[in-house]
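Here is how the chains run, residue by residue.
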2 protein chains.
Amino acid sequence: MTTRKVASKTSVKPPAKAPAKKTAPTPKATTRIALIGFGTVGSSVAKLLAELKLPGLELTHIFNRDVARKRALPTAKFVPKSVVWTDDVNVLLASDADVIVELVGGLTPAESWIKKALAAGKSVVTANKQLIAYRGPGLMKLAAANGVYLLHGAAVAGGVPVIPGILQGLGGDQVTRLSGIVNGTCNYILSRMETGADYLTVLADAQQLGYAEADPSADVDGYDARAKLCILARIAMHAELNPDDVPTQSISVIDAVDFAYAKELNCTIRQISSAQADGTTVHARVAPMLVPLSSPIAWSHGTQNMVVSSGRFGGDVVFSGHGAGGEPTAVAVVSDLLAVSQKCATVQLPIRKRTVTGDFLAPHYLRFIVDDKPGIVSAISGALSKVGANIDSILQRPGYPKHRLAFVVTTEPCLTSTIEQAVSSIAKMDCMLERPLCLQMLERND
Amino acid sequence: MTTRKVASKTSVKPPAKAPAKKTAPTPKATTRIALIGFGTVGSSVAKLLAELKLPGLELTHIFNRDVARKRALPTAKFVPKSVVWTDDVNVLLASDADVIVELVGGLTPAESWIKKALAAGKSVVTANKQLIAYRGPGLMKLAAANGVYLLHGAAVAGGVPVIPGILQGLGGDQVTRLSGIVNGTCNYILSRMETGADYLTVLADAQQLGYAEADPSADVDGYDARAKLCILARIAMHAELNPDDVPTQSISVIDAVDFAYAKELNCTIRQISSAQADGTTVHARVAPMLVPLSSPIAWSHGTQNMVVSSGRFGGDVVFSGHGAGGEPTAVAVVSDLLAVSQKCATVQLPIRKRTVTGDFLAPHYLRFIVDDKPGIVSAISGALSKVGANIDSILQRPGYPKHRLAFVVTTEPCLTSTIEQAVSSIAKMDCMLERPLCLQMLERND
């Protein structure tokens, strides 16, 4: 990083940036846009700006490493000749751009760049879910202090306007529950597994198709979805959660046998991000869960995203569509650029810190792989009964070998922590060939 | 109407109404709210304001006929003692309220009241779809000229934030198609008929439950949905349509036999509001249509609403939830009140007048009731072939009497006008006991 001077936080803002409030914006002076990152989303933003020719928006700067390679790509054809390309981010931060679009993701160095941009009196539009989940409130304060905007509609569910829809349309409700499929990679993997494919094959396909990273952990282990869930909880429930406090369970533990048993229970399996307000506590969890086939949540296939927001007064509201990909994400970015350009602030309500618990009162699915011998079911039901969990059903499909028998027990609603206590004791039984799998089961109205 | 003076359009606005722009609203001085109409929605707005205690919102006035009766209702318990009740609307218009909530519906007298409110420098929040469909652009201009807001998030799909979601989240896309279920009454009737009930019985139930008016025409004949479709086309496609130009077909023509045949085609029947951009023309229609059971549109049951917006870049986005009812609609109203209170303008893009055609290139479903005799199918196929329509299937379920035989022909995609031409000639055949029913069939990806 060079020490090139950028406009300081206390610099006087040019008058053009702070016009008197107008309710119905007549086309403003052009808003100058600088892109940080010219990858899949960045180049799609350039394409949309070129094709849509929206009034008042002008792409003026692009930052990327190895500019020469990026400028030679076919996607660069949408970039106006007048645009300044640079591999020095300070050129953008010191430029006359009105808004910086940050598309590099992650906390470092994105956070310091965004802080500098805000301090320099530039608005910021970002798709960076980790940054907004972990640092959102502080950055929002910085933006407000500098009289500029920080918008992040692309950070959750890409092209599906969940964030603007909730902010502008559900502020008049009290949202008590959120359930979502907000990671397209996991949804692709699990909906392919639903039709019989195995995890590792589908993961390899997803990597080939560009849906999954070489290191798929952020997606499959739930960290990506967890950041999005925390952003949703903030805007919908006005609850500030520490993302690190939200328990996650990897989808890599799901096996073909689980889809077979799920089907017998009229369910499928999806990575669900779930939050439920409960006084000063929020129950929150990201995990593969059994979802009734009759629930809207089961409608999402492939890389589709879906968020269900349940309100005390308005009931369930469902948003769904393409949650990822260059162009859908660029739709959210360009929509935010319009809002910045037309000085459209978003509704803000007081946000309160909330304690997170991973406990949900719910039915649970327990799948055991055992070396079969008499007395197993009795021992398992004893362990469950000891913690006060009632068995709802026992399922044993034919065709599994005795020495590696997969069978399932479902329980009536009980706390996740209670059932995990029983699972820990069951896991110690000699006959258990693997640690039992414990999944929460959504009910039809969840 | 009295001649009591209301603040004129040219009156100087008090400085508190036009503060310098602030990006991040700190709680503003209280926004004073006057309700026109204390019915189901109005009393729910009072309830939400009382229960949610949102910062900066204060209910100050209520207008209704027969105030004494309204004040005696149990729903009045949510109204603060300080509120001024009146049966003279001019009291509200001349008051110090900052925003008028119009909930009486219809063009007259709502239009003149809203104009007076805007001219008096008051913002307006309304759920009035007819008024916004027919007079929206003029009223928006009047609001802008007076430096105030006119918001109507409750006018389409009640508690489902379709309007704010599209305005703030899809401005960066080019929406090419809209398909929606936006009339809960029709959806209730048709989804009940799907399970075997007949039209008149279900309509009577709907009236009993308060879902349908004593005169159900606005709902079942499609005028309510048509107004909503025109509003959606305006905000999503930036296309201004004359609602009177949009063809409608009543759902009252649907019979139990149509659900039986729809089922054989793996479809159900719903009232669909559909618009498709095509250069300077918009194809638009409100009619009962066959919907594939595999399509998201078929998921909506009961009074649920659903809107699918298809964009060139973002693909399909689905919004669904409770489209009507006091509390869901009040959620939209109160969300709009927050936006007014926090000076949150909405993104506005240039809107262009568009010609409407009711023609869609689509497969069609033709149901005939005939006094059976040889040669009918041959005559029908001749009439279809004469206009260039190809038959896709002929279905005849067993069990109908020969002298009143119901059978169905489906066609490959052809224009609505073409197929209607054939239907007119077929209708003249002696054996036809009723005018043939012609319905558009949505395809899976519509």
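Analysis parameters
Residues numbered from 1 in each chain as written. Chains lettered and ligands numbered in written order. Predicted model: local features only at pLDDT ≥ 70, side-chain atom pairs only at ≥ 80, totals over all residues. Heavy atoms only, no water. UniProt positions renumbered as here; feature names shortened; annotations may be inferred. Pairing = 2+ DSSP bridges. Helix = DSSP H or I, 4+ residues; strand = E, 2+ residues; numbered from the N terminus. Contact = heavy atoms within 4.5 Å. Axes fitted to C-alpha atoms, helices over the stretch in contact; angles between N-to-C directions. Buried < 20%, exposed > 50% of the residue type's maximum accessible area, 1.4 Å probe, protein only. Polar contact = N/O pair within 3.5 Å; in protein donor to acceptor, adjacent residues only side chain to side chain. Salt bridge = Lys/Arg side-chain N within 4 Å of Asp/Glu carboxyl O. Buried area = accessible area lost by both parts, 1.4 Å probe. Nonpolar A, V, L, I, M, F, W, Y, C, P; charged D, E, K, R; others polar. Expected span 1.5 Å × (residues − 1). Least-squares fit on C-alpha atoms with pLDDT ≥ 70 in both. Parallel < 35°, antiparallel > 145°, perpendicular 65-115°, else oblique. Left-handed = near helix turned anticlockwise from the far one by under 90°. Domains from an automatic or database assignment. Lys, Arg positive; Asp, Glu negative; His and termini not counted.

- The name an unreviewed UniProt entry gives chain A is Homoserine dehydrogenase, with Granulicella rosea as the organism.
- Quoted verbatim from the Sequence similarities (unreviewed entry) field of UniProt, the annotation for chain A is "Belongs to the homoserine dehydrogenase family."
- Turning to chain A, the UniProt annotation filed under Catalytic activity (unreviewed entry) states: "L-homoserine + NADP(+) = L-aspartate 4-semialdehyde + NADPH + H(+)".

## Considering the sheet that holds strand β5 (residues 123-126) of chain A
Hydrogen bonding along the main chain pairs the strands of a sheet, whether they run parallel or antiparallel.
Residues and elements named next belong to chain A.
For step 1, the next point in the chain: Here we have 6 strands laid out as an open sheet, ordered β3-β2-β1-β4-β5-β6, and parallel in their pairing. Both edges of this open sheet fall to β3 (84-86) and β6 (150-151), since each of them pairs with a single strand only.
For step 2, the next point in the chain: Lying over the sheet, helix α12 (residues 326-341) contacts β1 (31-36), β2 (57-63), β4 (99-102), β5 and β6, oriented at roughly 165° with respect to β5.

## Things to note about the UniProt feature "active site" (unreviewed entry) in chain A
All names here are of chain A.
For step 1, the next point in the chain: Feature annotation in UniProt places "active site" (unreviewed entry) on K228, given in this structure's numbering.
For step 2, the next point in the chain: Along the chain, the position of K228 falls in helix α10 (residues 223-237).
For step 3, the next point in the chain: A residue is classified by how much of its surface remains accessible, and K228, at 8% relative accessible area, is buried.
For step 4, the next point in the chain: Not counting residues up to four positions away in its chain, the partners in contact with K228 are K129, A155, V156, V182 and N183.
For step 5, the next point in the chain: Polar side-chain contacts of K228 include one of 2.8 Å to the side chain of D224.

## Focus on the environment of A157 of chain B
Residue and element names in this part refer to chain B.
For step 1, the next point in the chain: Within the fold, A157 resides in the loop between β6 (150-151) and α6 (162-169).
For step 2, the next point in the chain: As for A157 and T31, which are separated by 126 residues in sequence, their C-alpha atoms are 26 Å apart.
For step 3, the next point in the chain: Each residue touching A157, except ones within four places of it in the same chain, is listed here: V162, N305, H322 and G323.

## A closer look at the pattern of salt bridges
For step 1, the next point in the chain: All chains considered together, the criterion is met by 36 salt bridges over all chains.
For step 2, the next point in the chain: Its salt-bridge partner being R367 of chain A, residue E434 of chain A comes within 3.5 Å of it at the nearest N-O pair. Separated by 67 residues along the polypeptide, E434 of chain A in the loop between α14 (416-427) and β20 (437-440) and R367 of chain A in strand β16 (residues 364-370) bring together distant segments of the chain.
For step 3, the next point in the chain: Under the relative-accessibility criterion, E434 of chain A is labelled partly exposed at 33%.
For step 4, the next point in the chain: Of the charged contacts, one joins D258 of chain B and R367 of chain B as a salt bridge, the two residues approaching to 2.7 Å between their closest N and O atoms. Here the residue D258 of chain B occupies a position in helix α11 (residues 256-264), and R367 of chain B occupies one in strand β16 (residues 364-370), the gap between them amounting to 109 residues.

## A word on the sheet that holds strand β7 (residues 175-181) of chain A
For step 1, the next point in the chain: The strand order across the open sheet formed by 12 strands is β14(A)-β10(A)-β9(A)-β7(A)-β11(A)-β12(A)-β12(B)-β11(B)-β7(B)-β9(B)-β10(B)-β14(B), and the pairing between neighbours is mixed. For this open sheet the edge positions go to β14 (355-357) of chain A together with β14 (355-357) of chain B, each flanked by a neighbour on one side alone. In this sheet, neighbouring strand axes are inclined to one another by 20° on average, regardless of whether the strands run parallel or antiparallel.
For step 2, the next point in the chain: Summarising the sheet, strand β12 (residues 315-322) of chain A and strand β12 (residues 315-322) of chain B pair through 5 bridges and their orientation is antiparallel. Considered in β12 of chain B, the bridge of F319 of chain A is made with F319 of chain B.

## Concerning the interface of chain B and chain A
For step 1, the next point in the chain: Opposite the 56 residues of chain B that make contact, chain A presents 55 residues.
For step 2, the next point in the chain: Of the roughly 4800 Å² buried between chain B and chain A, counting both surfaces, carbon and sulfur atoms make up 64%.
For step 3, the next point in the chain: In this assembly, chain B and chain A are joined by 2 salt bridges.
For step 4, the next point in the chain: Measuring nitrogen to oxygen at the nearest pair gives 2.0 Å for the salt bridge that ties R312 of chain A to E51 of chain B.
For step 5, the next point in the chain: The tally of links between chain B and chain A comes to 12 residue pairs in polar contact (both at pLDDT 80 or more).
For step 6, the next point in the chain: A class-by-class count of the residues in the side of chain B that touches chain A yields 30 nonpolar, 18 polar and 8 charged.

## Let's talk about helix α12 (residues 326-341) of chain B
Residues and elements named next belong to chain B.
For step 1, the next point in the chain: Under the 1.5 Å per step criterion, the end-to-end length of α12 is 22 Å for 16 residues, consistent within 8% with the ideal 22 Å.
For step 2, the next point in the chain: The element α12 is extensively covered by neighbouring structure, given that 15 of its 16 residues are classed as buried.
For step 3, the next point in the chain: Remark: K343 follows α12 within two positions and exhibits a positive phi of approximately 55°.

## Topic: unusual backbone geometry
For step 1, the next point in the chain: Looking along the chain, the bond that leaves T108 of chain A and enters P109 of chain A is cis, with omega of 0°.
For step 2, the next point in the chain: Within the secondary structure, P109 of chain A is located in the loop between β4 and α4 (110-119).
For step 3, the next point in the chain: Of note, K343 of chain B is a non-glycine position whose phi angle comes to about 55°, a positive value.
For step 4, the next point in the chain: Mapping K343 of chain B onto the fold places it in the loop between α12 and β13 (352-353).

## Some points on the environment of A256 of chain B
For step 1, the next point in the chain: For A256 of chain B, the position within the fold is in helix α11.
For step 2, the next point in the chain: A sequence separation of 62 residues divides A256 of chain B from E194 of chain B, and the C-alpha atoms of the two residues are 7.8 Å apart.

## Quick look at the relation of the copies chain B and chain A
Two chain copies here: they are related by a rotation about an axis and a translation along the same axis.
For step 1, the next point in the chain: Superposing chain B onto chain A takes a rotation of 180° plus a shift of 0.0 Å along the axis, which leaves an RMSD of 0.0 Å. Read as a symmetry element, the transformation amounts to a two-fold axis.
For step 2, the next point in the chain: In this assembly, 98% of the residues forming the interface of chain B have copies in chain A that are likewise at the interface, indicating an isologous arrangement.

## With respect to the UniProt feature "binding site: NADP(+)" (unreviewed entry) in chain A
All names here are of chain A.
For step 1, the next point in the chain: What UniProt calls "binding site: NADP(+)" (unreviewed entry) maps, in this numbering, to I36, G37, F38, G39, T40, V41, G42 and S43.
For step 2, the next point in the chain: Inspection of the secondary structure puts I36 in strand β1.
For step 3, the next point in the chain: Taking the relative accessible area as the measure of exposure, I36 reaches 1% and is therefore buried.
For step 4, the next point in the chain: Those residues in contact with I36 that lie beyond four places of it in its chain are F63, V89, L92, I100, V101, E102, L103, V104 and W113.
For step 5, the next point in the chain: Residue G39 is classed as partly exposed on the basis of its relative accessible area, which comes to 30%.
For step 6, the next point in the chain: In contact with G39, other than residues within four places in its own chain, are N64 and K70.

## Regarding the packing of helix α5 (residues 129-145) of chain A against α10 of chain A
All names here are of chain A.
For step 1, the next point in the chain: Viewed as axis vectors pointing N to C, α5 and α10 meet at an angle of 40°, and their least axial separation amounts to 8 Å. Classified by the angle their axes make, α5 and α10 are oblique. Where α5 crosses over α10, the handedness of that crossing is left-handed. Contacts between α5 and α10 involve K129, Q130, I132, A133, Y134, G136 and P137 on the former and, on the latter, Y223, D224, R226, A227, K228, C230, I231 and R234.
For step 2, the next point in the chain: The residue makeup of the contact of α5 with α10, split by class, is 8 nonpolar, 2 polar and 5 charged.

## Here's the deal with the environment of K53 of chain B
Residue and element names in this part refer to chain B.
For step 1, the next point in the chain: Mapped onto the fold, K53 is located in the loop between α1 (40-52) and β2 (57-63).
For step 2, the next point in the chain: On the accessibility criterion, K53 (66% relative accessible area) is exposed.
For step 3, the next point in the chain: Within the structure, the side chain of K53 is placed 3.3 Å from the backbone oxygen of A50, a separation counted as a polar contact.

## Section: the domain arrangement of chain A
Residues and elements named next belong to chain A.
For step 1, the next point in the chain: When the domains of chain A are assigned, the result is domain 1 (24-151), domain 2 (162-322 + 352-357) and domain 3 (361-440).
For step 2, the next point in the chain: Domain 2 and domain 3 are separated by 25 Å when their C-alpha centres are compared.
For step 3, the next point in the chain: Facing 14 residues of domain 2, the contacting portion of domain 3 comprises 17 residues.
For step 4, the next point in the chain: Summed over both sides, the interface of domain 2 with domain 3 buries roughly 1400 Å², with 60% coming from carbon and sulfur.

## Section: the side chain of D173 of chain A
For step 1, the next point in the chain: As for its placement among the helices and strands, D173 of chain A is situated in the loop between α6 (162-169) and β7.
For step 2, the next point in the chain: Lacking a salt bridge, the buried D173 of chain A has R312 of chain A as its closest oppositely charged neighbour, with an N-O distance of 6.9 Å.
For step 3, the next point in the chain: There is a polar contact of 3.4 Å between the side chain of D173 of chain A and the backbone nitrogen of R312 of chain A.
For step 4, the next point in the chain: Those residues in contact with D173 of chain A that sit more than four places away from it in its chain are G311, R312, F313, G314 and G315 of chain A together with L52 and V331 of chain B.

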